[in-house]
Amino acid sequence: MPLLKILHYPDPRLHKVAKPILHVDEEIRRLAADMAETMYAAPGIGLAATQVDRHVRLIVVDVSEEKNRLMTLINPRITHKEGEAVREEGCLSVPGIYDKVTRAERIRLEAMNLDGQIFQMEAEGLLGVCIQHEIDHLDGKVFVEYLSRLKQNRIRSKLLKQEREAM
Ligand code: K1U
Ligand code: ZN
């Protein structure tokens, strides 16, 4: 299965809002499998379809040490948020940049699985943070947008310079 190319900030395609998935078909299942392989290879603990330039509401997440608890969430929607927690985040679309972000400590969400069944779940800790981070991607938001304008400008310049030097 092919590894997918991950878009890097400040690529404007990272700000597109993803569309809901109406039918879970073979194409969606293939995309989910390719995204999981790309996430594990990166390596990362999450990946949103937006990051691989596919603008549909699909995310994959696996925060386990053993990398054996893959979750594929279709049309994920947060239905309840509770508390506040500050955690250091990274992003495969913003390589080499880590910073603290404040998010809800606990979330409840609704999503569909690859069999097209809707389910509810609760998440906290790293899983909760990662799901919130990935849903932000589907809404066209990159974690650096929680940082100061000064930091955002520095990150943009640094990554543009890295891209130029890699060419
Ligand atoms: O969305 C992404 O770009 C994936 C991102 C998810 C994430 C990490 C930390 C906090 C919130 C969301 C990553 O996976 S960055 C890489 C990373 O954190 C990691 C990589 C290997 C092992 C452990 C963590
Ligand atoms: Zn990210």
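As a starting point, this report considers the structure included with it. These numbers were taken from a predicted model, which means no experiment stands behind them.

Calculation notes
- Residues numbered from 1 in each chain as written.
- Chains lettered and ligands numbered in written order.
- Predicted model: local features only at pLDDT ≥ 70, side-chain atom pairs only at ≥ 80, totals over all residues.
- Heavy atoms only, no water.
- Donors = N, O, S within 2.8 Å, 3.2 Å for Na, K, Ca; no water.
- Helix = DSSP H or I, 4+ residues; strand = E, 2+ residues; numbered from the N terminus.
- Buried < 20%, exposed > 50% of the residue type's maximum accessible area, 1.4 Å probe, protein only.
- 1 Å grid on protein atoms, 1.4 Å probe; cavity = no way out; pocket = protein on both sides within 12 Å on 5 of 7 lines; lining within 4 Å.
- Points joined across faces, edges and corners; volume = space filled by probe spheres on them.
- Nonpolar A, V, L, I, M, F, W, Y, C, P; charged D, E, K, R; others polar.
- Pairing = 2+ DSSP bridges.
- Axes fitted to C-alpha atoms, helices over the stretch in contact; angles between N-to-C directions.
- Phe/Tyr/Trp six-rings, centres within 6.5 Å; stacked < 30°, edge-to-face > 60°.
- Lys NZ or Arg CZ within 6 Å of the ring centre and 35° of its normal.
- Contact = heavy atoms within 4.5 Å.
- Polar contact = N/O pair within 3.5 Å; in protein donor to acceptor, adjacent residues only side chain to side chain.
- Salt bridge = Lys/Arg side-chain N within 4 Å of Asp/Glu carboxyl O.

Our next topic: the coordination of the zinc ion (ligand 2). Protein coordination at the zinc ion (ligand 2) comes from C91 (SG), H133 (NE2) and H137 (NE2), with a distance range of 2.0 to 2.3 Å. In primary sequence terms, the donor set of the zinc ion (ligand 2) follows C-x41-H-x3-H. Of the two residues, C91 is situated in the loop between β4 (85–89) and β5 (99–103) and H137 in helix α2 (residues 125–138); the sequence distance between them amounts to 46 residues. For the pair C91 and H137, a shared accessibility class is recorded, and that class is buried.

Attention shifts here to the layout of surface pockets. If you add up the space inside the largest pocket, you get close to 380 Å³. Those elements that place two or more of their residues in the lining of the largest pocket are β4 and α2. In terms of residues, the lining of the largest pocket owes the most to one element, α2, which gives six residues. Across the lining of the largest pocket, the residue classes tally to 11 nonpolar, seven polar and three charged.

If you walk across this open sheet you meet the five strands as β1-β2-β3-β6-β7, and the pairing is antiparallel. Since the sheet does not close on itself, it has two edges, and those belong to β1 (46–48) and β7 (118–124), each with one partner. On average, adjacent strands in this sheet sit at an angle of 40° to one another, irrespective of strand direction. Bridge analysis of β1 against strand β2 (residues 58–61) gives three bridges, and the strand direction is antiparallel. In the sheet register, G46 faces β2, and the bridge partner there is V61.

By the definition in use, this model includes zero aromatic pairs. Over the ring of Y146 we find K141, and its NZ or CZ is 4.2 Å from the ring centre.

Glancing now at the pairing of β2. Of the two faces of β2, the one lined by L58 and V60 and the one lined by I59 and V61 are each fully buried. As defined by bridge partners, β2 adjoins strand β3 (residues 71–82) across four bridges and the pair is classed as antiparallel. Directly across from V60, in β3, lies its bridge partner T72.

In this section: the environment of E122. Relative to the helices and strands, E122 is located in strand β7. With relative accessibility at 56%, the residue E122 sits in the exposed group. Along the primary structure E122 and E110 are separated by 12 residues, whereas in three dimensions their C-alpha atoms are 9.0 Å apart. Apart from residues no more than four positions distant in its own chain, E122 is found in contact with I107 and R108. A polar side-chain atom of E122 sits 3.3 Å from a polar atom in the side chain of R108.

Charged atoms that come close allow side chains of opposite charge to pair. Tallied over the entire structure, the rule returns 13 salt bridges. Between R103 and D136 there is a salt bridge whose closest N-O contact spans 2.9 Å. Taken as a pair, R103 in strand β5 and D136 in helix α2 lie far apart in primary sequence, 33 residues in all. Judged by relative accessible area, R103 falls into the buried class, the value being 6%.

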